[in-house]
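For reference, the chains in residue letters:
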Amino acid sequence: MNRTKPSWNLKLLLSSSLVIGGMAIAPFDLTPTGFESSRVEAASTYTTTANLNLRLSAATWSPILLTIPSGASVKYVSTYGSWYKVSYGGKTGYVASQYVKVSSASTITPSSASYYKTTVNLNMRLTAASWSTVLMTIPNGATVKYVSRYGSWYKVSYNGKTGYVASQYLSATGAPTTTTSTTSYQTTVNLNMRLTAASWSKVLMTIPNGSTVKYVSKYGSWYKVSYGGKTGYVASQYLKPATTTTPTTSTGTGRTIVIDAGHGGNDPGAVYGSSYEKVIAFDIAARLASTLSNTYGYNARMTRTNDVYLSLAQRVELTKSYKGSAFVSIHNNSSTNTSYHGHEVLVPTGESYTTNPYISASRSLGAAINRELGARIPTIRNRGVKYQNVYVVGKNSVPSTLVEYGFISNANDRSHLTSITYRQRMADATASGIHQFMSTYK
């Protein structure tokens, strides 16, 4: 196509002005509509052939943002005369194109990859700019879904939000899996369960080390799991496949067992040194809920899933709202006489204080738990089943009992109560006793 060429006089005037000003700039084509830089989409990745300055603009006098080492890979954005706009090390700027060569490494373009994995904790921004509002920080190792490309930025979706991320911190990956051959996992540390798949997300509860959780789905490096009546996300690197034994007797068929971790919040319960009853009780309760759910098939609900205070009336009321079939309260004992020791199980009396209509069933439940504790943990004295007026037992509306697993004030009992191994045995023994009772109670 023919077009009107600009006059040589105008070109000469422009050239003279640049020389007089002592500047060297990227070449331009002068068109009837003004200056126009050439922008040609080239290879997506280049390798530097020398230590190369990355500049703020396409000019040798422009400020240097950083010096890129020889042999480094840079991501191409666009062409500006003899300059390439590239991104490297979290910065984007201009380099002289004669000092880069096409990278021999193959790159995956957005057209062939629908999902990417983050290689660092990566900010998702509202727009494709480093100064734009941060919508969220995507954890390292998370899988994001590709939407579109805008220069060196990718528009992606993650965890219900869509925004822009710097593409140099992504690597191509396959679609996230939603199934796994393992249905139960065991925690290898005290592990936070979070509301969403992110390290900054709200903590729903802390799952004790050695607990069994039920797998729901996978989201990048996070597993969605259920535990203690709650469902949330945990870091998968702190889980291992569970090795639980399926019971040969009939399962719980989904009936609800309410597990009450005693005390909590500003009520620590019994305290001895650095040992707090509310902490020990919660740990045993969480383990018990896990065993009931994952081994026996019950719907285990906890009255508290973190360190909060609940009144005795609130605990009883939760049994009703959860539509529980049985209630077990978890406690430790204490005495000024450090020689007192042993576990015991408290059940309702027949006195007027008791309004629970299931006195006999409550006593059967307590006896079953006491038998299992005595058989499985013989190194703690068995103090038996005792009739006492206890609010959460006597005022409840289902078979109910309260278990005192030992005296925190006694050295032998305390060594058991502070042991993860023995806490798990206590939980397993209690779960077995509950299941024996529920198998006969209809």
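Residues numbered from 1 in each chain as written. Predicted model: local features only at pLDDT ≥ 70, side-chain atom pairs only at ≥ 80, totals over all residues. Heavy atoms only, no water.

1. With respect to the pattern of salt bridges
Phase 1 of the analysis: Inspection of every chain in the model, using the stated rule, returns 7 salt bridges.
Phase 2 of the analysis: In this structure, K278 and D307 form a salt bridge, with 3.0 Å as the shortest nitrogen-oxygen distance. With K278 in helix α2 (residues 277–294) and D307 in the loop between β27 (299–302) and α3 (312–321), this pair connects stretches of sequence that are 29 residues apart.
Phase 3 of the analysis: By sharing partners, the salt bridges in this structure join D283, R287 and R423 into a single network. (Salt bridge = Lys/Arg side-chain N within 4 Å of Asp/Glu carboxyl O. Helix = DSSP H or I, 4+ residues; strand = E, 2+ residues; numbered from the N terminus.)

2. Examining the nonpolar core
Soluble globular proteins tend to pack their nonpolar side chains together in the buried interior.
Phase 1 of the analysis: Residues L292, I330 and I434 are the most contacted members of the largest nonpolar core, which totals 53 residues.
Phase 2 of the analysis: Among the elements that line this core, the one with the most residues is α2, at 9 residues.
Phase 3 of the analysis: Of all hydrophobic cores here, the second largest spans 16 residues; its members include Y116, M136, V144 and Y233. (Core = buried A, V, L, I, M, F, W, Y, C linked by side-chain atoms within 4.5 Å. Buried < 20%, exposed > 50% of the residue type's maximum accessible area, 1.4 Å probe, protein only.)

3. Digging into the environment of T49
Phase 1 of the analysis: Relative to the helices and strands, T49 resides in the loop between β3 (45–48) and β4 (52–55).
Phase 2 of the analysis: Accessibility expressed as a relative area gives 43% for T49, which makes it partly exposed.
Phase 3 of the analysis: Linking T49 and S70, residues 21 residues apart in sequence, is a C-alpha distance of 5.3 Å.
Phase 4 of the analysis: With residues near it in sequence (within four places) discarded, T49 still touches S70, Q98, Y99, V100 and K101. (Contact = heavy atoms within 4.5 Å.)

4. Brief notes about the packing of helix α4 (residues 359–376) against helix α7 (residues 420–440)
Phase 1 of the analysis: At a closest axis distance of 8 Å, the pairing of α4 and α7 adopts a crossing angle of 140°. With respect to each other, α4 and α7 are oriented oblique. Taken as a pair, α4 and α7 cross one another with a handedness that is right-handed. Counted together, A361, S364, L365, A368, I369, R371, E372, L373 and R376 of α4 and M426, D428, A429, T430, S432, G433, I434, Q436 and F437 of α7 form the full contact between these two elements.
Phase 2 of the analysis: Among the residues making up the contact of α4 with α7, the classes are represented as 9 nonpolar, 5 polar and 4 charged. (Axes fitted to C-alpha atoms, helices over the stretch in contact; angles between N-to-C directions. Parallel < 35°, antiparallel > 145°, perpendicular 65-115°, else oblique. Left-handed = near helix turned anticlockwise from the far one by under 90°. Nonpolar A, V, L, I, M, F, W, Y, C, P; charged D, E, K, R; others polar.)

5. Overview of the packing of aromatic side chains
Phase 1 of the analysis: A complete count under the given rule lists 12 aromatic pairs for this structure.
Phase 2 of the analysis: Aromatic side chains Y358 and Y441 sit 6.5 Å apart centroid to centroid with 90° between the ring planes, which places their arrangement in the edge-to-face category. Note that Y358 is positioned in the loop between β29 (343–347) and α4 and Y441 in the segment after α7, a separation of 83 residues in sequence.
Phase 3 of the analysis: Residue class for Y358 comes out partly exposed when judged on its relative accessible area of 33%. (Phe/Tyr/Trp six-rings, centres within 6.5 Å; stacked < 30°, edge-to-face > 60°.)

6. As for α3
Residues spaced three or four apart along an α-helix face the same direction, because each turn holds 3.6 residues.
Phase 1 of the analysis: Within the sequence span of α3, burial applies to R315, V316 and T319. Buried positions in α3, seen along its axis, are confined to an arc of 95° and lie on one side of it.
Phase 2 of the analysis: Residues of α3 that are buried make contact with β24 (256–261), β28 (326–333) and α5 (391–394). (Arc of directions from axis to C-beta.)

7. Digging into the sheet that holds strand β30 (residues 382–387)
Phase 1 of the analysis: Pairing is mixed across the open sheet formed by 6 strands, whose spatial order is β27-β24-β28-β31-β29-β30. What marks the edges here is a single partner per strand, and that holds for β27 and β30. Each strand of the sheet is rotated relative to its neighbour by a mean of 20°, with strand direction disregarded.
Phase 2 of the analysis: The pairing of β29 with β30 spans 4 bridges and is parallel. Across the sheet, the residue bridging to V347 is Y387, located in β30.
Phase 3 of the analysis: The sheet strands contacting α2 are β24, β27, β28 and β31 (400–407), and the helix crosses β28 at an angle near 145°.
Phase 4 of the analysis: Running over the sheet, α4 touches β28, β29, β30 and β31 and is turned about 30° from β31. (Pairing = 2+ DSSP bridges.)

8. Structural notes on the confidence of the model for the chain
Phase 1 of the analysis: Within the chain, residue pLDDT values average 82, and 83% of them lie at 70 or more.
Phase 2 of the analysis: Here residues 1–42 scores under 50 on pLDDT; set against residues more than four positions off or in separate chains, the count is 39 contacts.
Phase 3 of the analysis: Long-range and interchain partners of residues 244–250, a stretch whose pLDDT sits below 50, account for 8 contacts in this model, where long-range means more than four residues apart. (pLDDT = per-residue confidence, 0-100.)

9. Quick look at the packing of α2 against α7
Phase 1 of the analysis: α7 packs onto α2 with a crossing angle of 50° between their chain directions and a minimal axis gap of 8 Å. By the angle between their axes, α2 is oblique relative to α7. The two elements α2 and α7 meet at a crossing, and its hand is right-handed. Contacts from I280, D283, I284, R287, L288, T291 and L292 in α2 reach I420, R423, Q424, M426, A427, D428, T430, A431 and I434 in α7.
Phase 2 of the analysis: Its residues assigned to classes, the contact of α2 with α7 comprises 9 nonpolar, 3 polar and 4 charged.

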